[in-house]
Amino acid sequence: MRERAVRVLDEPALSAAFGDALGPPLWLVADERLEAPDVLAYHTSETSWDGDLPADARLVGDVAPLGASPLDGPRSLAGRIVLYSLGHRRAIATIDLDALAREQG
């Protein structure tokens, strides 16, 4: 999984990779320790992001402060992953899954 990971964010420093057919559909890898406390990952079908957690957002997992975190969700993930910090009570970043899929080929 790590060898297929693509850097998706610089702040926080995260990479992502789509899993294989038997494992979780998506992995996030914190390349450096996350500064934000208690980060959760939500999936949304929204293609744009205005900084808030979208109404259709569905929790797909928690993000470890360092290392790999498997995310639960449908095999055909599209749209966005929104990272939300419970400690800060706000969304801190978003990952465009369509762009990730294009980059991973």
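Residues numbered from 1 in each chain as written. Predicted model: local features only at pLDDT ≥ 70, side-chain atom pairs only at ≥ 80, totals over all residues. Heavy atoms only, no water.

## What about the overall build of the chain?
Then step 1. For the chain, the helix and strand inventory stands at 1 helix and 8 strands.
Then step 2. Going residue by residue from the N terminus, the α and β elements of the chain occur as β-β-β-β-β-β-β-β-α.
Then step 3. Within the span of the chain, comprising 105 residues, buried residues form 43% of the whole.
Then step 4. Long-range contacts, defined here as pairs at least 24 residues apart, represent 55% of the contacts in the chain between residues at least 6 apart.
Then step 5. In the structure as shown, the chain presents an accessible area of about 5,800 Å², 48% of it carried by carbon and sulfur atoms. (Helix = DSSP H or I, 4+ residues; strand = E, 2+ residues; numbered from the N terminus. Buried < 20%, exposed > 50% of the residue type's maximum accessible area, 1.4 Å probe, protein only. Contact = heavy atoms within 4.5 Å. Areas by Shrake-Rupley, 256 points an atom, 1.4 Å probe, with all protein chains shown as cover.)

## Here we look at the side chain of Ser85
Then step 1. For Ser85, the location among the structural elements is in strand β7 (residues 80-85).
Then step 2. Within the local environment of Ser85, its side chain forms a polar contact with the backbone nitrogen of His88, the two atoms lying 3.1 Å apart.
Then step 3. With near-sequence residues (within four places) excluded, Ser85 lies in contact with Ala36, Pro37, Asp38, Val39, Arg90 and Ile92. (Polar contact = N/O pair within 3.5 Å; in protein donor to acceptor, adjacent residues only side chain to side chain.)

## What to know about the confidence of the model for the chain
For residues with low pLDDT, the predicted coordinates do not support detailed interpretation.
Then step 1. The pLDDT averaged across the chain works out to 82; a share of 83% of its residues lies at or above 70.
Then step 2. At the level of individual helices and strands, the chain shows its lowest average pLDDT in strand β1 (residues 6-9), which scores 69, and its highest in strand β5 (residues 58-63), which scores 94. (pLDDT = per-residue confidence, 0-100.)

## Details of the pattern of salt bridges
Then step 1. Scanning the model with the defined rule gives 1 salt bridge in all.
Then step 2. The residue Asp96 makes a salt bridge to Arg80 at a minimum N-O spacing of 3.9 Å. Of this pair, Asp96 sits in strand β8 (residues 90-96) while Arg80 sits in strand β7; the two residues are 16 residues apart in sequence, bridging distant segments of the chain.
Then step 3. Take Asp96: its relative accessible area is 28%, and that puts it in the partly exposed class.
Then step 4. Residue classification places Arg80 among the buried residues on the basis of a relative accessible area of 13%. (Salt bridge = Lys/Arg side-chain N within 4 Å of Asp/Glu carboxyl O.)

## Concerning unusual backbone geometry
Then step 1. Its identity is not glycine, yet Asp38 carries a phi of approximately 50°, on the positive side.
Then step 2. Exposure remark for Asp38: the relative accessible area of 54% places this residue in the exposed category.

## Describing the packing of aromatic side chains
Then step 1. All chains considered together, the criterion is met by 1 aromatic pair.
Then step 2. Ring geometry for Tyr42 versus Tyr84: centroids 6.4 Å apart, planes at 90°, classification edge-to-face. With a gap of 42 residues between them, Tyr42 in strand β4 (residues 39-44) and Tyr84 in strand β7 connect regions that are remote in the sequence. Here Tyr42 matches Tyr84 in class, with each residue buried. (Phe/Tyr/Trp six-rings, centres within 6.5 Å; stacked < 30°, edge-to-face > 60°.)

## Thoughts on the environment of Leu100
Then step 1. In this structure, Leu100 sits in helix α1 (residues 97-104).
Then step 2. For the pair formed by Leu100 and Ala17, sequence separation is 83 residues and the distance between their alpha carbons is 8.0 Å.

## Quick look at the nonpolar core
Then step 1. In this structure, Leu26, Ile81 and Leu83 are the most contacted members of the largest nonpolar core, which totals 19 residues.
Then step 2. Elements with a minimum of two residues in this core: β2 (14-18), β3 (26-30), β4, β5, β7, β8 and α1.
Then step 3. Setting aside chain neighbours within four positions, we find Ile81 in contact with Leu26, Ala41, Tyr42, His43, Val60, Leu71, Ala93, Thr94, Ile95 and Leu97.
Then step 4. Leu40, Val82, Tyr84 and Ala91 belong to the second largest nonpolar core, which has 5 residues in total. (Core = buried A, V, L, I, M, F, W, Y, C linked by side-chain atoms within 4.5 Å.)

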